[in-house]
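# Notes for the structure review
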Number of protein chains: 2
Amino acid sequence: MPTHQTFMQEALREARKSLKEGGIPIGAVLVEDAKIISRGHNQLLQRGSTVLHGEMDCIENAGRLKGADYRRCTLYTTLSPCEMCSGMIILYKIPRVVIGENETLKGPEALLRENGVEVLNLDLPECRKLMGDYIKTNSKLWDEEMERVGY
Amino acid sequence: MPTHQTFMQEALREARKSLKEGGIPIGAVLVEDAKIISRGHNQLLQRGSTVLHGEMDCIENAGRLKGADYRRCTLYTTLSPCEMCSGMIILYKIPRVVIGENETLKGPEALLRENGVEVLNLDLPECRKLMGDYIKTNSKLWDEEMERVGY
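Residues numbered from 1 in each chain as written. Chains lettered and ligands numbered in written order. Predicted model: local features only at pLDDT ≥ 70, side-chain atom pairs only at ≥ 80, totals over all residues. Heavy atoms only, no water.

Chain A carries the name Cytosine deaminase in an unreviewed UniProt entry, which gives Methanobacterium congolense as its organism. Looking at the Pathway (unreviewed entry) heading of the UniProt record, one finds this comment for chain A: "Pyrimidine metabolism." What UniProt states about chain A under its Subcellular location (unreviewed entry) heading is, verbatim, "Cytoplasm". (UniProt positions renumbered as here; feature names shortened; annotations may be inferred.)

Take a look at the structure:
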């Protein structure tokens, strides 16, 4: 049986794929019944997308799932989901979100919980280091992104 | 000086464009300093997108705006924004949302207001009729979409 760690490694693989493409290293995978059914990563730099965060890209790539499917899924993401991604999780009633870390950024995890979403933070040094290193070497771009969302 | 009605007519134009393309008639425009800077419409059927609701498509089409720009914008949308779109509005701190109607669907308008967003509902019969007619003639598709979000 795969563990949370196994699936988070796949989300990390997506984050590293984004980095290789010249993008921000945040990745996500969607798991239904212990099987990965979709993958995605942040597309700000690759596609100029302000909407396709890692979680959103992953859900977009899943296509038109049934509600009954979302309701059996767990979303794994290397970084705590922002307000937009949390809203998407609440909209599609994805019951569980597993987070790599929430030190780089912390989204509205309380709102997720209030809406019945189980939130589990693995707090992995590997996830923190990936973002920490990225921000250090891409501070101007990161400052631009933080100004955009007013964090 | 253009009025809310003027800009809502442009959001309706987007909704009708979507309908002509065979899509769900929900549209949006983003207005900065009394000028339309982006437009969009629901892309569920055209692009198989579960992420590009009218509001999201509009923000996506705006590209990488600065935070300072979003903070001067008003988002016009023909239908009350869902949880995902509301999360996006909160993330980018768009200070005002003007809604065509919220009878067909009502998103978390209270959450928007709690987050400092001004929400104005024009409650236009034209917007209600467009969705009402669409749902009547596309009930199976609409049922699918409602099952997806669990409304």
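### Structural notes on unusual backbone geometry
Residue and element names in this part refer to chain A. Look at Ala-34: it is not a glycine, yet its phi comes out positive at around 65 degrees. With respect to the helices and strands, the residue Ala-34 is situated in the loop between strand E1 (27–32) and strand E2 (35–41). Among the residues examined, Ala-34 registers a relative accessible area of 33% and is labelled partly exposed. (Helix = DSSP H or I, 4+ residues; strand = E, 2+ residues; numbered from the N terminus. Buried < 20%, exposed > 50% of the residue type's maximum accessible area, 1.4 Å probe, protein only.)

### Some words on the sheet that holds strand E1 (residues 27–32) of chain B
Residues and elements named next belong to chain B. The sheet built from five strands is open, its strands ordered E2-E1-E3-E4-E5 with mixed pairing. If you trace the sheet from one side to the other, it starts and ends with strand E2 (35–41) and strand E5 (118–121), each paired once. The mean angle between the axes of side-by-side strands here comes to 20 degrees, regardless of whether they run parallel or antiparallel. Both strand E4 (residues 96–99) and E5 contribute to a ladder of four bridges, which runs parallel. Across the sheet, residue Val-98 finds its bridge partner in E5, namely Leu-120. (Pairing = 2+ DSSP bridges. Axes fitted to C-alpha atoms, helices over the stretch in contact; angles between N-to-C directions.)

### What about the nonpolar core?
Grouped together as the largest cluster of nonpolar side chains are 74 residues, with contacts concentrated most on Ile-94 of chain A together with Ile-94 of chain B. The residues contacting Ile-94 of chain B, other than those within four sequence positions of it, are Leu-30, Ile-59, Tyr-70, Cys-73, Leu-75, Met-88, Ile-89 and Val-117 of chain B. (Core = buried A, V, L, I, M, F, W, Y, C linked by side-chain atoms within 4.5 Å. Contact = heavy atoms within 4.5 Å.)

### Remarks on the confidence of the model for chain A
Looking at chain A as a whole, its pLDDT mean stands at 97, while 100% of the residues score no less than 70. Across the interfaces of the predicted complex, the ipTM metric reaches 0.98, alongside a pTM of 0.98. (pLDDT = per-residue confidence, 0-100.)

### Some thoughts on the sheet that holds E1 of chain A
All names here are of chain A. Taken together, five strands build an open sheet; the order of strands is E2-E1-E3-E4-E5 and the sheet is mixed. The sheet terminates laterally at E2 and strand E5 (118–121), the two strands that pair on one side only. Going across the sheet, the axis of each strand differs from the next one's by a mean of 20 degrees, ignoring polarity. As paired strands, E1 and E2 are joined by six bridges and run antiparallel to one another. Directly across from Val-31, in E2, lies its bridge partner Ile-36.

### Observations regarding the state of the cysteines
Tallying each qualifying case throughout the model produces zero disulfides over all chains. Not part of a disulfide, Cys-85 of chain B finds its nearest cysteine sulfur in Cys-82 of chain B, a span of 3.9 Å. (Disulfide = S-S within 2.5 Å.)

### Overview of the UniProt feature "domain: CMP/dCMP-type deaminase" (unreviewed entry) in chain A
The feature "domain: CMP/dCMP-type deaminase" (unreviewed entry), as given by UniProt, occupies residues 2–119 of chain A in the numbering adopted here. In residues 2–119 of chain A, the share of helix is 42% and the share of strand is 20%. The end C-alpha atoms are 18 Å apart.

### Notes on the pattern of salt bridges
Taken as a whole, this structure holds 26 salt bridges over all chains when the rule is applied. The partner of Arg-64 of chain B in a salt bridge is Glu-144 of chain A, and the shortest N-O contact between them spans 2.9 Å. One end of the pair, Arg-64 of chain B, is in the loop between helix H3 (54–62) and helix H4 (67–70); the other, Glu-144 of chain A, is in helix H8 (residues 139–149), on a second chain. The salt bridge partner of Arg-13 of chain B is Glu-10 of chain B, with a shortest N-O separation of 3.2 Å. With a gap of three residues between them, Arg-13 of chain B and Glu-10 of chain B both fall in helix H1 (residues 4–20), about one helical turn apart. Via salt bridges that share partners, Glu-10, Arg-13, Glu-14 and Arg-39 of chain A belong to a single interconnected network. (Salt bridge = Lys/Arg side-chain N within 4 Å of Asp/Glu carboxyl O.)

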